[in-house]
Structures are given as C-alpha cells and as structure tokens.
Amino acid sequence: MKDIAGALSRFPRTRLLHLPTPLEPMERLGKELGLSRLVVKRDDCTGLAAGGNKTRKLEYEVGAALAQEADTVITTGAIQSNHCRQTAGLAARMGLCCHLVLQHAVADAPSEYLNSGNVLLDRMLGAVIHEIAAPEPASGSNEGEDAVAAMSDAEAMEEVAEKLKSEGAKPYIIKIGASTALGALGYAECAAELAAQAEADGGPLEFVVHATGSCGTQAGLVAGFKALGAPTKVVGVAVSGERQDVRQAIVKSLAQETLQLLGSHAEVDDDDVIVEGGYVGAGYGLFGEEVRCAVSTAARKEALLIEPVYTGKAMAGLIDLARKGRFDRDARIAYLHTGGLPGLFAYAGEMSR
C-alpha cells in the first residue's frame, strides 16, 4: 500500500495542523552520543494552542464529532494533560463546547502543578473543568496503571455526557489521548510524512524514538510504516506503568485496527512493537536525575525544549540506549518531539533542583 493519503481522504477531518512539521538534524547531540545521523521530528510545531502530537489525532476525532453534529466534546487526562489542552484548543477553533475530566494523577502536587502550565491554558481556552481523584490500582490487576485510570475516567466522562444530554447538548466523548484507531490515523499519516522527508534527505529511517503513554501515537506510526512497507522500527519509551507487555499488546491491537481502517492487508507482528519500560521512574508525572539531565542536555546541545513527563523520558531513553550501543553509529534515527512545553512550567521547582 503506497497511497495513505488516498485512504485517509475517506474520513471526516478538521484541518488546522501546520504540516509537514520540520525534520531537523541534531548534530551536536548526535556527536555526544556517537550517532552520525540523528534527527528530530518537530511535532511540537503542529501549531494549535502551543502544538503537540495529539492534534494529529484530534483532527480525525473532532472531524467525526462534527459529522455527527455534536456541539460539545468531552475528554480526559491528568491535570497537566497535553491532550486536554489541545482538545480545548481545537474545540475553541471549531466553536464547540469543551468539558475536561482532569485527574489528580500526581500525589501531593504543588500549587504550580495545579494552576500553571497546561491547566492554565485549558481555562484560557474556555474549557469546563471537572476534577476527579486518581483511582487506586486494582488488586492483582495485570493491565497496568494506564488501563485502570482510563476505566475510571471513562465512567466520569459518561456521567458528564449524560448530564449534558439532559440539558439538551449533543456531546461526543474522546477517549484519553485520542488513542483510538480513528485517532491513530493521524500518526499513520505522520509515518508517511516522515518517510517522504527522510527519503528526500538521505534515505529511509531505521528507528523512530518517542514517548508512549496511551499508545495511539505508537500504534499509528507502526501501522503507517507497515502499510508503506517501510523498514523503520518504532521505539516507544514508556512514561508510566509497570507491565510493558500489556502496553505492547495494546499497541499491536490498535495498530492492526488502524491498518484495517486504511484498507491495508498488512499484519502487525510482535517484533513490530518495541516498548522500552526502563525509564518510567517512580511513575506517571514523576522523574529523577536521569530525566532532569536529559531535558537539560536537549536544551544545551540543540536548543530543543522538552518537558519531564513525556518527551524528557523519551530523550532519557534515547540517550541511554545510544550509550549502551543499541544503535549503530550510522543508523538514521529520528527522535519524535511530541510537544508538551507548557507542562514544563508546572515542574519549575522539580527542574531547578
């Protein structure tokens, strides 16, 4: 399958992205890591409400909402959710009401976490905010903390939706991270975009390294490269959860669903899904010196501004894997910058230690 654009044209979509996002060399960081062909895909430059990866997925989810004549979107995430901020931005641009179910996923969070960064922008963008407590992990659960949290958030979103319906609204619920097969189409398109950019500037990519949380970005990339028949391997650096085999299974299933939407007959194998779970630290939204160092290194070597929850852990993974010899020196590797800069300011105290 070569015509991903043609397959995507069948789906309703809002078109607000600044595309293609740049693919830039990272020569100074590459030299430090012993990598001669390291580049960064700047999906922090997607344009809407401070940018980020979720907008690619939201174009399809909000397109579906508008096709169903919804007047309200509801979604969920942590207090400092990049996804929620981009959802609020897209809703504002399209004239939709936006309700956000924000979970207190970080215990004993300081005031700057609760009131600045993404949540400040949520309020500025006009979102209605519903705050809920983080759920307790289910005893004996083998689904990982992301799946447990998503279930609780889903119930809360349904409650909000039912109340809005009783008031005459037409709500559309967007799953956490917009991580559905429909949303993942946005990253199938990104895979095609990356493949074309790389081919025009030195040949195919061997690896794409990025942060993986709710799995939609990784699933879309895997599906896109499989549909194209490209050799690129997608390395997801997990940002939460202890059971990365569970995350791998979710990515595989979601990637296969995405291929079906594309009309591709390709099959996702276990070897196509790579999840590195060694950089989670103490959990979601928590990090240590390794991540602080990675965030500072990206800034000082490449003027690349990342944050510690997602992109910082992905950068820590890239740095460590490179130093352990995981990549050949001449391998063409892209670090996918998925955005999230507003969240950095919510961690000002932690980052200044």
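What you are looking at is a predicted structure, and each value in this text was computed from that prediction instead of being measured. (Residues numbered from 1 in each chain as written. Predicted model: local features only at pLDDT ≥ 70, side-chain atom pairs only at ≥ 80, totals over all residues. Heavy atoms only, no water.)

Visitor: I'd like a rundown of the state of the cysteines, residues and numbers included.
Guide: Two cysteines, two sulfur atoms, one covalent bond between them: this is a disulfide. Under the defined criterion, the tally for this structure stands at zero disulfides. Looking at C190, it has no disulfide partner, and the nearest cysteine sulfur is the one in C45, 12 Å off. Here C215 stays free of any disulfide, with the sulfur of C190 as its closest cysteine sulfur at 17 Å. Taking the relative accessible area as the measure of exposure, C215 reaches 5% and is therefore buried. (Disulfide = S-S within 2.5 Å. Buried < 20%, exposed > 50% of the residue type's maximum accessible area, 1.4 Å probe, protein only.)

Visitor: Could you give an account of the layout of surface pockets, with specific residues and numbers?
Guide: In this model, the second largest pocket occupies a volume close to 170 Å³. Taken together, 14 residues make up the lining of the second largest pocket; nearest its centre are V106, P110, L286, Y347 and E350. For the lining of the second largest pocket, the secondary structure elements donating two or more residues are helix 5 (111-115) and helix 14 (348-351). Residue composition of the lining of the second largest pocket, by class: nine nonpolar, two polar and three charged. (1 Å grid on protein atoms, 1.4 Å probe; cavity = no way out; pocket = protein on both sides within 12 Å on 5 of 7 lines; lining within 4 Å. Points joined across faces, edges and corners; volume = space filled by probe spheres on them. Helix = DSSP H or I, 4+ residues; strand = E, 2+ residues; numbered from the N terminus. Nonpolar A, V, L, I, M, F, W, Y, C, P; charged D, E, K, R; others polar.)

Visitor: Residues and numbers for empty space enclosed by the protein, please.
Guide: With a probe scaled to a water molecule rolled over the atoms, the places where space remains empty come into view. One pass over the full model with this rule turns up one cavity of 30 Å³ or more. Looking at the largest cavity, the residues that line it are Q80, N82, Y113, N118, Y284, E307, V309, Y310, G340, G343 and Y347. Taken together, the residues of the lining of the largest cavity break down into five nonpolar, five polar and one charged.

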